[in-house]
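Coordinates in review
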Amino acid sequence: MHDKVREAVLDNVKKTLLCNTFYLGSDYFVCPECNNFNIVNHECHSRFCTSCGVKYQKILAAKAQAMCVDVHNRHIVFTTTKNRMYLTECMNY
């Protein structure tokens, strides 16, 4: 097993922990009429993050659905030539 964790994994964990906090930066909006203000913290935009990753998954699912053919039924065939005997033995148990 590897003793070290990849640098990219550590970066994603750090980004996720800091998501929607002022550590990643923020924008300050002020209404010129009533002087109300709103502070919006930046997001990490990581697929690893629980909040940002959901947005990424929804966008990816919409793109995949747009590429699909508009039919009522879909049929997918998986072929297994090498491990067919092993799979049939496992399915019998």
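Just so it is clear, the structure is predicted and the values come from calculations on it, not from any experiment.

A few words now on the pattern of salt bridges. Taken as a whole and judged by the stated rule, the model has 1 salt bridge. Among the salt bridges present, the one from Glu43 reaches Lys55, with a minimum N-O distance of 2.7 Å. Placement of the pair is Glu43 in the loop between strand S2 (37-41) and helix H2 (50-67) and Lys55 in helix H2, with a sequence separation of 12 residues. The exposure class of Glu43 is partly exposed, given its relative accessible area of 27%.

Looking now at a nonpolar patch on the surface. The grouping of Val5, Val9, Leu10, Val13, Leu17, Leu18, Phe22, Tyr23, Leu24 and Phe48 at the surface amounts to a nonpolar patch, some 950 Å² of accessible area in total. Mapping Tyr23 onto the fold places it in the loop between helix H1 (7-18) and strand S1 (26-30). By relative accessible area, Tyr23 is classed as exposed at 58%.

Here Ser46 lies in the loop between S2 and H2. At a separation of 3.1 Å, a polar atom in the side chain of Ser46 contacts the side chain of Asn12. Polar contacts involving the side chain of Ser46 include one to the main-chain amide nitrogen of Phe48, which spans 3.1 Å. Setting aside chain neighbours within four positions, we find Ser46 in contact with Asn12, Cys52 and Gly53.

Here we take up unusual backbone geometry. With a phi angle near 60°, Asn20 is a residue other than glycine that sits in the positive phi range. Secondary-structure assignment places Asn20 in the loop between H1 and S1. A residue is classified by how much of its surface remains accessible, and Asn20, at 37% relative accessible area, is partly exposed. Residues other than glycine seldom take positive phi values, yet Asn35 does so here, at roughly 65°.

The subject of this paragraph is the environment of Ser51. In this fold, Ser51 is placed in helix H2. Sequence-wise, Ser51 and Thr16 are 35 residues apart; in three dimensions their C-alpha atoms are separated by 8.9 Å. With residues up to four places along the chain from it excluded, the contact list for Ser51 reads Cys19 and Asn20.

The rules behind these values
Residues numbered from 1 in each chain as written. Predicted model: local features only at pLDDT ≥ 70, side-chain atom pairs only at ≥ 80, totals over all residues. Heavy atoms only, no water. Salt bridge = Lys/Arg side-chain N within 4 Å of Asp/Glu carboxyl O. Helix = DSSP H or I, 4+ residues; strand = E, 2+ residues; numbered from the N terminus. Buried < 20%, exposed > 50% of the residue type's maximum accessible area, 1.4 Å probe, protein only. Patch = residues over 30% accessible without salt bridge, like charges linked within 9 Å, V, L, I, M, F, W, Y side chains within 5 Å. Areas by Shrake-Rupley, 256 points an atom, 1.4 Å probe, with all protein chains shown as cover. Polar contact = N/O pair within 3.5 Å; in protein donor to acceptor, adjacent residues only side chain to side chain. Contact = heavy atoms within 4.5 Å.

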